[in-house]
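# Examining the three-dimensional arrangement
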Amino acid sequence: METFRLSNGVEIPLLGYGVFQVSPEECERCVTDALSVGYRLIDTAQAYFNEEGVGNAWRKSGQKREDLFLVTKVWISNAGEEKAAKSIDESLRKLQTEYIDLLLIHQAYGDVFGTWRAMEKAYRDGKVRAIGVSNFQAGRFFDFAHYVEVKPMVNQLQCNTLIQQTGIEPIHAAFGTKMMAWGPLGGQGVDSIVKSEQLAGIGAKYGKSAAQVALRWLTQRGIVAIPKSTHKERMAQNFDIFNFSLTDEEMAQIATMNQHDTGTINFSDPQFVKYLIETYG
Ligand SMILES: NC(=O)c1ccc[n+]([C@@H]2O[C@H](COP(=O)([O-])OP(=O)(O)OC[C@H]3O[C@@H](n4cnc5c(N)ncnc54)[C@H](OP(=O)(O)O)[C@@H]3O)[C@@H](O)[C@H]2O)c1
């Protein structure tokens, strides 16, 4: 497994397994399968309601805690210093661990500065090894990162071969922030990537699928990819990407496939913000 170091020196795997929309009942089985395939980074969130499944799976797997990299996220209903602090303890309990490897603010709404103060405290207290944000688009990210004391080590964004997030790269670089890609296979629109003839054509040379090329492309950009699948054979396929490398020409060819650089969700759209706040805030 290829890894790199976050700005505070913490080593993070370049590939992980995500459990968005995996039911609480199925989550334990899926994470058990993912760990047996070889994944060590597991990406969950308070809002996925399956942190217990992740906790049960890793506990029963016999894996050493220090060999795993557990990621979770504070949801907007837990925004603010006091509520966020309580929710971090709750996540620790559900994940059955004394520390979280990477804790993110899930969405850029509510009292994010209060949430961050709770996360900075948890970081200093050793409950969390690294802290970051998710879905903070360029302007919001710049404002936030400028004013907080501990700079976000990660920004997890929708990112894949069709949504390349190139515009935010220099802003991340200014704060030493690394990108993590959610929806690395296209999420709901998975077919546009896993059935891409262009990606399959590149993969044919290496005996790799379009999905594998898409994930390799992200990791070769130095972006952590966290594909989700409930099928063990797909988990294995998605994991098998570190025994080939794309050439500079192939990387450049895929770069031309960019369709919506900043993603398909407009996080500044008042209707979207209203929906999230009214539903979950
Ligand atoms: N921070 C955020 O706001 C946020 C938002 C969304 C997601 N995430 C994180 O990112 C992770 C991944 O994102 P995602 O779940 O939205 O999308 P994704 O990983 O890009 O795509 C998942 C879809 O691809 C299918 N799939 C997986 N591997 C495949 C393969 N090799 N061939 C064909 N189809 C394949 C899956 O189906 P099957 O399951 O049926 O195999 C599922 O429908 C999530 O699980 C979550 O941890 C974070």
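What you see is a predicted model, and the numbers here were worked out from it, not measured in a lab.

## Quick look at the overall build of the chain
Check the secondary structure of the chain and you find twelve helices and ten strands. The C-alpha atoms of the chain give 18 Å as radius of gyration, which agrees with the globular expectation for 281 residues (19 Å, within 12%). Expressed along its principal axes, the backbone C-alpha trace of the chain runs to roughly 55 × 45 × 35 Å. Within the span of the chain, comprising 281 residues, buried residues form 52% of the whole. A fraction of 74% describes how many contacts in the chain between residues 6 or more apart in sequence connect residues 24 or more apart. Working note: accessible area of the chain is about 12200 Å², and carbon and sulfur atoms make up 51% of it. Once the 29 positive and 33 negative side-chain charges of the chain are each reduced to a mean point, those two points are 3 Å apart.

## Structural notes on the environment of aspartate 269
Assignment of secondary structure puts aspartate 269 in the loop between helix 11 (248-255) and helix 12 (270-280). In this structure the side chain of aspartate 269 is engaged in a polar contact, spanning 3.0 Å, whose partner is the backbone nitrogen of glutamine 271.

## What about the side chain of threonine 115?
Note on placement: threonine 115 falls in helix 4 (residues 112-124). Apart from the residues within four sequence positions on either side, threonine 115 is in contact with Val74, Asn78, Ala79, Gly80, Glu81, Ala84 and Ile105.

## Overview of the site of the ligand
For the ligand, the set of nearby residues contains 28 residues, the closest of which are Asp43, Asn135, Leu185, Ser229 and Arg234. Within the backbone of glycine 18, one N or O atom sits 3.3 Å away from an oxygen atom of the ligand. In the environment of the ligand, a nitrogen atom lies 3.0 Å from a nitrogen or oxygen atom belonging to the side chain of asparagine 238. Taking 910 Å² as the accessible area of the ligand by itself, protein coverage stands at 88%. Looking at the shell around the ligand element by element, the count peaks at three residues for helix 10 (residues 232-239). A breakdown of the residues in the shell around the ligand according to their chemical character gives eleven nonpolar, 13 polar and four charged.

## Things to note about the packing of aromatic side chains
Evaluation of the coordinates by the stated rule reveals ten aromatic pairs. Arranged with centres 5.1 Å apart and planes meeting at 35°, the rings of phenylalanine 113 and phenylalanine 144 form a pair that is tilted. Residue phenylalanine 113 is found in helix 4, and its partner phenylalanine 144 is found in helix 5 (residues 138-147); the two are separated by 31 residues along the sequence. When its relative accessible area of 0% is taken as the criterion, phenylalanine 144 is described as buried. Members of the aromatic cluster, each reached through a chain of ring pairs, are Phe113, Trp116, Phe136 and Phe144. The ring of tyrosine 99 has arginine 65 lying over it, and the distance from NZ or CZ to the ring centre is 4.0 Å. Seen from the ring of phenylalanine 4, lysine 178 lies directly overhead, with NZ or CZ sitting 5.0 Å from the centre.

Thresholds, definitions, all that
Counting of residues starts from 1 at the beginning of each chain's written sequence and follows it residue by residue. Local features in this predicted model are restricted to residues of pLDDT 70 or higher, and side-chain atom pairs are both shown and tallied only at a pLDDT of 80 or more, whereas totals for entire chains, interfaces and linings draw on every residue. Hydrogens and waters are ignored; side-chain quantities use all the structure's heavy atoms. We count a stretch as a helix when DSSP gives it H or I for four or more residues in a row; a strand needs E for two or more, and each element gets its number in order from the N terminus. Using C-alpha atoms as the atom set, the radius of gyration is obtained and then compared with a globule rule of 2.2 Å times the number of residues to the power 0.38. Think of it in three bands: with a 1.4 Å probe and only protein chains considered, a residue is buried below 20% of the maximum accessible area for its type, exposed above 50%, and partly exposed in between. In this analysis, two residues are considered to be in contact whenever any of their non-hydrogen atoms come within 4.5 Å of each other. Here, Shrake-Rupley sampling with a 1.4 Å probe gives the accessible areas, and only protein chains in the shown set may cover a residue. Within this scheme the basic residues Lys and Arg register as positive and the acidic residues Asp and Glu register as negative, but His and the chain ends are omitted. Lys charges are placed at NZ, Arg charges at CZ, Asp charges at CG and Glu charges at CD. Here a polar contact is taken to be a pair of N or O atoms separated by no more than 3.5 Å, where protein atoms must pair a possible hydrogen donor with a possible acceptor and residues adjacent in sequence count only if both atoms sit in side chains. Note on terminology: near, applied to a residue and a molecule or strand, indicates that one of the residue's heavy atoms is within 4 Å of it. Think of it as three bins: nonpolar holds Ala, Val, Leu, Ile, Met, Phe, Trp, Tyr, Cys and Pro, charged holds Asp, Glu, Lys and Arg, and polar takes everything else, Gly as well. Ring pairs are drawn from Phe, Tyr and Trp, using the six-membered ring of Trp, whenever the two centres fall within 6.5 Å, and their geometry is named by plane angle: stacked under 30 degrees, edge-to-face over 60, tilted for the rest. For a lysine, the NZ atom is tested; for an arginine, the CZ atom; a charge sits over a ring if that atom is within 6 Å of the ring centre and within 35 degrees of the ring normal.

Taken by themselves, the reported measurements are silent on function.
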